[in-house]
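Working through the structure, step by step
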Amino acid sequence: MPEFPEVKTLVNWLNHQDFFSIKINKIIFIDAIVLKNSTKKQFIDFVCNETIKKISQIGKFIIFYLSNGKIITIHLRLEGKIFYLSANEKSKFPLVEFYLDNDKKIVYDDSRKFGTINIYDNYQKLLDSSEIKKLGKQPFDQALTANYLLNCFKNKNQKIKTTLLDQTIIAGIGNIYADETLFLCKISPFRKAKDVSLDECQQIINNCRKIMAQSIKNKGTTVFSYQYALNHSGSFQKYLKVYGRKNLSCLRCGSTLCWTKINGRGTTYCKKCQK
Ligand SMILES: [Zn+2]
């Protein structure tokens, strides 16, 4: 699943393309299952004849700012991808195609069809929406501080691994960066969130930012099929220290890395280094 660095890589890539201010003239749905707050007709009426002004992200959400203040959000979930192709090029699992006046198209592609697309009349409606309103701080937000985390963690009896995946606390961390962050912090994924100290909260923030910045430099982590553009993958998987390294040696102490499921999510960690 694309996490903050993969979404950031995709947004950076999209922002370097030449579709800005070019009119969207036609939408083709192969499957409209991704539309969550509009019908096909509403979506077509909303988007057609508008242009894309800019693209940014909030956590794992990609935000398309259109002309007339309109906004589209896309969440890729497990396998969503966005491609910018010639009008006659084909992606593997297209669900929605946005045809532009320059004989090109933007394609939302998703083999699993778990992604979501929402529309909002304006920025305030986006901020007030249930999907955005509940999000916590983003990894590089100034407002993400050790005190903020400590306060979020203090009544949490659940395991720290589960808490780090909670998008209402930090928006953008998924399974890969949660495992990597806890390894760098030497914190056991089983530790209760309420038992994490202020100093450890600061370490979580520092290490999370460090790993994510490195990942963004390497255009994200490709473990299953993530691509930020057609046939363009990330390479940060080469630098992962625990994720995907079950039964291999810990790069810090040499012990065999353990793998278990915590709240249904695969978790790789070092029993010896992480306390
Ligand atoms: Zn170790």
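Residues numbered from 1 in each chain as written. Predicted model: local features only at pLDDT ≥ 70, side-chain atom pairs only at ≥ 80, totals over all residues. Heavy atoms only, no water.

Focus on the pattern of salt bridges
- This model, assessed by the stated rule, comprises 9 salt bridges.
- A salt bridge links Glu97 to Lys105; the nearest nitrogen and oxygen atoms lie 3.1 Å apart. For the pair Glu97 and Lys105, a shared accessibility class is recorded, and that class is buried. (Salt bridge = Lys/Arg side-chain N within 4 Å of Asp/Glu carboxyl O. Buried < 20%, exposed > 50% of the residue type's maximum accessible area, 1.4 Å probe, protein only.)

A few points about the sheet that holds strand β2 (residues 52-58)
- Spatial strand order, β2-β3-β4-β8: 4 strands in an open sheet with antiparallel pairing. Either end of the sheet is taken by a strand with one partner, and the two such strands are β2 and β8 (116-120). This sheet shows a mean twist of 20 degrees between the axes of neighbouring strands, independent of strand direction.
- The pairing of strand β3 (residues 61-66) with strand β4 (residues 71-75) spans 5 bridges and is antiparallel. (Pairing = 2+ DSSP bridges. Helix = DSSP H or I, 4+ residues; strand = E, 2+ residues; numbered from the N terminus. Axes fitted to C-alpha atoms, helices over the stretch in contact; angles between N-to-C directions.)

Looking at the coordination of the zinc ion
- Donor atoms from the polypeptide that bind the zinc ion are Cys250 (SG), Cys253 (SG), Cys270 (SG) and Cys273 (SG), placed at 2.2 to 2.4 Å.
- Read in sequence order, the donor residues coordinating the zinc ion give the pattern C-x2-C-x16-C-x2-C.
- Cys270 sits in the buried class, given a relative accessible area of 0%. (Donors = N, O, S within 2.8 Å, 3.2 Å for Na, K, Ca; no water.)

Side note on the sheet that holds strand β7 (residues 104-110)
- With antiparallel pairing, 4 strands are arranged side by side in an open sheet as β1-β6-β7-β5. With one partner strand each, in any of the chains shown, β1 (24-29) and β5 (80-86) form the two edges of the open sheet. For this sheet, the mean inter-axis angle between neighbouring strands, taken without regard to orientation, is 20 degrees.
- Sheet topology note: the β1/strand β6 (residues 94-100) ladder contains 5 bridges and is antiparallel. Within β6, the residue paired with Ile28 across the bridge is Glu97.
- Of the strands in this sheet, β1 and β6 are in contact with helix α2 (residues 40-47), which crosses β1 at around 160 degrees. (Contact = heavy atoms within 4.5 Å.)

Re the pairing of strand β9 (residues 258-262)
- In the sheet, β9 pairs with strand β10 (residues 265-269) via 5 bridges, with the strands oriented antiparallel. Within the sheet, the bridge partner assigned to Lys261 lies in β10 and is Gly266.
- As consecutive antiparallel partners, β9 and β10 are separated by 2 residues, and within that stretch Asn263 has a phi angle of approximately 50 degrees, a positive value.

Comments concerning the domain arrangement of the protein chain
- Each assigned domain of the protein chain is listed here: domain 1 (4-133) and domain 2 (146-269).
- A straight line from the C-alpha centre of domain 1 to that of domain 2 covers 28 Å.
- Contacts between the two partners involve 16 residues from domain 1, matched on the other side by 20 residues from domain 2.
- Together domain 1 and domain 2 conceal approximately 1,500 Å² of surface at their shared face, both sides included; 69% is due to carbon and sulfur atoms.
- Seen at the junction of domain 1 and domain 2, the total is 0 salt bridges.
- Viewed at the interface, domain 2 and domain 1 are joined by 3 residue pairs in polar contact (both at pLDDT 80 or more).
- When contributions to the side of domain 1 that touches domain 2 are tallied by element, the ones reaching two or more residues are α1 (4-15) and β5.
- Ranked by residue count, the leading element in the side of domain 1 that touches domain 2 is α1, at 8 residues.
- Tallied by class, the residues present in the side of domain 1 that touches domain 2 amount to 7 nonpolar, 3 polar and 6 charged. (Domains from an automatic or database assignment. Buried area = accessible area lost by both parts, 1.4 Å probe. Polar contact = N/O pair within 3.5 Å; in protein donor to acceptor, adjacent residues only side chain to side chain. Nonpolar A, V, L, I, M, F, W, Y, C, P; charged D, E, K, R; others polar.)

Remarks on the nonpolar core
- Of all hydrophobic cores here, the largest spans 36 residues; its most connected members are Phe43, Ile62, Phe64, Ile72 and Ile82.
- A domain split of this core shows at least three residues from each of domain 1 (4-133) and domain 2 (146-269).
- In this structure Ile82 touches Leu10, Leu14, Ile62, Phe64, Ile74, Leu76, Ile106, Val107, Tyr108 and Tyr228, once residues within four positions along its chain are discounted.
- Membership of the second largest hydrophobic core comes to 30 residues, among which are Leu144, Ala146, Leu164 and Ile173. (Core = buried A, V, L, I, M, F, W, Y, C linked by side-chain atoms within 4.5 Å.)

Re the pairing of β2
- Counting buried residues in β2 gives 5 out of 7 residues, a clear majority hidden from the surface.
- As consecutive antiparallel partners, β2 and β3 are separated by 2 residues, and within that stretch Gly59 has a phi angle of approximately 60 degrees, a positive value.

Considering α1
- In this model, α1 (12 residues) spans 16 Å end to end at C-alpha, consistent with the 16 Å of a helix rising 1.5 Å per residue.
- Considered for burial, the residues of α1 that qualify are Phe4, Pro5, Glu6, Val7, Thr9, Leu10, Val11 and Leu14. (Expected span 1.5 Å × (residues − 1).)

What about the packing of aromatic side chains?
- Scanning all chains against the criterion turns up 9 aromatic pairs.
- Look at Tyr65 and Tyr123: their rings are 6.2 Å apart centre to centre, the planes differ by 35 degrees, and that puts the pair in the tilted class. Here the residue Tyr65 occupies a position in strand β3, and Tyr123 occupies one in helix α3 (residues 123-128), the gap between them amounting to 58 residues.
- Taking the relative accessible area as the measure of exposure, Tyr65 reaches 15% and is therefore buried.
- Residue classification places Tyr123 among the partly exposed positions, given a relative accessible area of 41%.
- Cation over ring: Lys54 sits above Tyr65, and NZ or CZ is 4.6 Å from the ring centre. (Phe/Tyr/Trp six-rings, centres within 6.5 Å; stacked < 30°, edge-to-face > 60°. Lys NZ or Arg CZ within 6 Å of the ring centre and 35° of its normal.)

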